Amino acid sequence: MRKYKIFGCFLFIALLILGGCSNDENKKEAAHKEKEQQTEEVEKTQPVEADEEFRKYFTDDPEEMVQLEPGPYSGDKYDLEAIKKEIDQFPSGETPDDYYYRLVALVAEDYRFFYEAMQDVDTDYEDPSAQPDGELGTMPEAASKQINVQVLFDASGSMRAEIGGKTRMALAKEAVNDFVKDLPEEVNVSLRVYGHKGTGSDADKELSCSSSEVVYPLGAFEQKKFSKALDQFAPAGWTPLAASIEAAMDDLKDETGENVENIIYVVSDGVETCDGDPVKAAEKLNQSDIQAIVNIIGFDVDDAGQKALKKVAKAGKGEYATVRSQQDFQRFFEQERQALRAEWQKWSNKNTSHYSKLQNERVNELFDIENKARDLTKLEEEHLEELVAYWNETLSEEESNQKILTIQAGRRGRALRSYAFKTAVAYRDQLRSKGLEIRDQVRDKAQEERDRLKEE
């Protein structure tokens, strides 16, 4: 009886142990299943694996193609044996397109340089160089600047001397009148006369040296009004040249700024006789905010006078010229017009040549960028053809439906070459068209100015 009790106890204990073990196994299995479910859920929410990165090359849009990163075996990194090992690891059961783009992802070339270059293409040209400003007797085009011309007219007693039956003053008045009336309409004109009071005697020196007066205020040219201003004075006294140049500074004090150009023309038959310093006055005027150019037209001046007046012109950053008759005046102004016509021709030649060179450089640069892209497409195409051939060889008869058609290897390259050509040629055409347009504008402007100067 005792034996049965003992055996019963052992049996009871064994059942407890077996029952406990069974519960543990059930718990483990439940935990394992829960873990598998969690893993499946996580995998569903995970991003595409690295193996799926090739899908970003699934595009027929060449503009998207040229923005993609290159493959790991692009360019000099192409290694056929290494790529074959990659190909051998391709998963089975995919479509030919899948396998084609897997190959593309391995050897795609880097076309981003082309895309970036096309974004930065500028088909505009800068403005032409500064137009000719002209010298004595000629003006630059006044459309872009306000041109102010002031004539300082010497009315000292020596202007009474005659040349060919006419006084120096009469000849000078005719020349000045002809010169001013031929200026462009936009140019403002002023006339200041000096030395027109008193006489050449010592007794009248103070009066005469203080005589400097504006007889035609700065403004648009009016023929009758200007001629009347010229007629109201005659040869009289001394020559206050320095004082008149200083007075011109006050006349033009409000005429400053980048779009204003001031030009002084001094018509004189002699040097300073009122103890002033015309060289210093001309330099001061030129260096002021007015920045006036001081030109001197010496009328029948002796050698000593010429040297003195040349110094004045040099100080005023202007030019000096000597004339001795009305014909000399006319010849001088005509020579100035011819010189300016030549300057316009130089300006035209310089700018048309510059634009032609610039156009060719920029067009050739686009050719170079396009050719670089084309060369890469051909290299990539060669690599793809080689890889497609290898892939097709690895397939069994049962897997023949996964073969990639050889023609597919070149479809990307053809699309990229067409895109590169169309994009680059559009910009090249714009550069040529705008280059021709601006060269024609330069030539037309230069011809217009030469014709205008020829008629004056």
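As the structure is a computational prediction, the values presented were derived from the model and not from experiment.

Scoring rules and cut-offs
- Residues numbered from 1 in each chain as written.
- Predicted model: local features only at pLDDT ≥ 70, side-chain atom pairs only at ≥ 80, totals over all residues.
- Heavy atoms only, no water.
- Helix = DSSP H or I, 4+ residues; strand = E, 2+ residues; numbered from the N terminus.
- Buried < 20%, exposed > 50% of the residue type's maximum accessible area, 1.4 Å probe, protein only.
- Contact = heavy atoms within 4.5 Å.
- Areas by Shrake-Rupley, 256 points an atom, 1.4 Å probe, with all protein chains shown as cover.
- pLDDT = per-residue confidence, 0-100.
- Disulfide = S-S within 2.5 Å.
- Core = buried A, V, L, I, M, F, W, Y, C linked by side-chain atoms within 4.5 Å.
- Salt bridge = Lys/Arg side-chain N within 4 Å of Asp/Glu carboxyl O.
- Pairing = 2+ DSSP bridges.
- Axes fitted to C-alpha atoms, helices over the stretch in contact; angles between N-to-C directions.
- Parallel < 35°, antiparallel > 145°, perpendicular 65-115°, else oblique.
- Left-handed = near helix turned anticlockwise from the far one by under 90°.
- Nonpolar A, V, L, I, M, F, W, Y, C, P; charged D, E, K, R; others polar.
- Arc of directions from axis to C-beta.
- Phe/Tyr/Trp six-rings, centres within 6.5 Å; stacked < 30°, edge-to-face > 60°.
- Lys NZ or Arg CZ within 6 Å of the ring centre and 35° of its normal.
- Right-handed = clockwise from strand over helix to strand, strands pointing away.

**Examining the overall build of the chain**
So, point 1. Across its full length, the chain holds 13 helices and eight strands.
So, point 2. Looking at the chain as a whole, 43% of its 456 residues are labelled buried.
So, point 3. A separation threshold of at least 6 residues defines the contact pool for the chain, and within that pool the share at least 24 residues apart is 81%.
So, point 4. For the chain, the accessible area works out to roughly 25300 Å², and carbon and sulfur atoms hold 49% of it.

**What about the confidence of the model for the chain?**
So, point 1. Considering every residue of the chain, the mean pLDDT works out to 83; 82% of them sit at 70 or more.
So, point 2. Confidence over residues 38-50 falls short of pLDDT 50; this stretch has zero contacts with residues more than four positions distant or in other chains.
So, point 3. Every residue in residues 134-144 scores below 50 in pLDDT, and together they form 42 contacts with partners more than four places removed in sequence or on other chains.

**Overview of unusual backbone geometry**
So, point 1. Here Asp275, not a glycine, exhibits a phi torsion of approximately 65°, which is positive.
So, point 2. In this structure, Asp300 is a non-glycine residue whose phi angle is positive, near 55°.
So, point 3. Within the secondary structure, Asp300 is located in the loop between strand 7 (293-299) and helix 11 (303-315).
So, point 4. Looking at Asp300, the relative accessible area reads 23%, which means it is partly exposed.

**Observations regarding the state of the cysteines**
So, point 1. According to the stated counting rule, one finds one disulfide in the structure shown.
So, point 2. Between Cys209 and Cys274 runs a disulfide, and the two sulfur atoms are separated by 2.0 Å. Between Cys209 and Cys274, the disulfide has an S-S torsion of -85° and is therefore left-handed. Highlighted residues: Cys209 in helix 7 (residues 205-209) and Cys274 in the loop between strand 6 (260-268) and helix 10 (278-287), separated in sequence by 65 residues. Assigned by exposure class, Cys209 and Cys274 land together as buried.

**A few points about the environment of Asn349**
So, point 1. Relative to the helices and strands, Asn349 resides in helix 12 (residues 326-394).
So, point 2. Considered as a pair, Asn349 and Arg439 are 90 residues apart in the sequence and their alpha carbons are 9.5 Å apart.

**With respect to the nonpolar core**
It is characteristic of soluble globular proteins that their nonpolar side chains tend to be buried jointly.
So, point 1. Ranked by internal contacts, the top residues of the largest apolar core, which has 32 residues, are Phe153, Val180, Leu191, Phe226, Phe233, Phe299 and Phe329.
So, point 2. Listing elements by their share of this core, those giving two or more residues are strand 1 (146-154), helix 6 (168-181), strand 4 (188-194), strand 5 (212-220), helix 8 (223-231), strand 6 and strand 7.
So, point 3. Sorting elements by how many residues they give to this core places helix 6 first, with seven residues.
So, point 4. Those residues in contact with Phe226 that lie beyond four places of it in its chain are Val176, Asn177, Val180, Val189, Leu191, Tyr216 and Phe221.
So, point 5. The next biggest cluster of nonpolar side chains, apart from the first, holds 25 residues, and it includes Tyr57, Tyr73, Tyr78 and Leu395.

**A word on the pattern of salt bridges**
So, point 1. For the coordinates displayed, the defined rule picks out 19 salt bridges.
So, point 2. For Glu381, the salt bridge is made with Arg417, and the minimal N-O distance between the two is 3.0 Å. Linking Glu381 in helix 12 with Arg417 in helix 13 (residues 411-455), this pair joins segments that are 36 residues apart in sequence.
So, point 3. One continuous salt-bridge network, built from bridges that share partners, spans Arg168, Asp269 and Asp300.

**Structural notes on the pairing of strand 1**
So, point 1. Of all the nine residues making up strand 1, eight are buried; the element is thus mostly covered by neighbouring parts of the structure.
So, point 2. Here eight bridges tie strand 1 to strand 6, and the two strands are oriented parallel to one another. Bridge pairing links Val151 to Tyr265 in strand 6.

**A few points about the packing of helix 6 against helix 8**
So, point 1. It is the contact of helix 6 with helix 8, at a shortest axis distance of 11 Å, that shows an interaxial angle of 155°. If you check the angle between helix 6 and helix 8, you find them roughly antiparallel. Where helix 6 crosses over helix 8, the handedness of that crossing is right-handed. The segment helix 6 lies against helix 8, with Lys173, Val176, Asn177, Val180 and Lys181 engaging Gln223, Phe226, Ser227, Leu230 and Asp231.
So, point 2. Partitioned by chemical class, the residues of the contact of helix 6 with helix 8 number four nonpolar, three polar and three charged.

**Here's the deal with helix 5 (residues 112-119)**
So, point 1. Every buried residue of helix 5 is listed here: Phe114, Ala117 and Met118. The arc enclosing the buried residues of helix 5, seen along the axis, measures out at 95°, which places them on a common side.

**Quick look at the packing of aromatic side chains**
So, point 1. Scanning all chains against the criterion turns up 11 aromatic pairs.
So, point 2. Ring geometry for Tyr125 and Tyr355: centres 5.9 Å apart, planes at 90°, overall edge-to-face. Note that Tyr125 is positioned in the loop between helix 5 and strand 1 and Tyr355 in helix 12, a separation of 230 residues in sequence. The two residues Tyr125 and Tyr355 agree in class, both being buried.
So, point 3. Linked through ring pairs, Phe54, Phe58, Tyr100 and Tyr101 together constitute an aromatic cluster.
So, point 4. In this arrangement the basic side chain of Arg362 is found over the ring face of Tyr125, its NZ or CZ atom lying 4.9 Å from the centre.

**Quick look at the sheet that holds strand 8 (residues 320-323)**
So, point 1. Across the sheet, six strands lie side by side as 5-4-1-6-7-8; this open sheet has mixed pairing. Across the chains shown, the open sheet's two edge strands, defined by having one partner strand only, are strand 5 and strand 8. If you compare each strand with its neighbour and ignore which way they point, the axes differ by 15° on average.
So, point 2. Pairing geometry for strand 4 and strand 5, over six bridges, is antiparallel. Residue pairing across strands places Arg192 opposite Val214, the latter belonging to strand 5.

**Considering the pairing of strand 8**
So, point 1. Bridging between strand 7 and strand 8 involves four bridges; their strand directions are parallel. What sits directly across from Ile297, in strand 8, is Ala321.
So, point 2. Taking the sense of rotation as the criterion, the β-α-β connection linking strand 7, helix 11 and strand 8 turns out right-handed.

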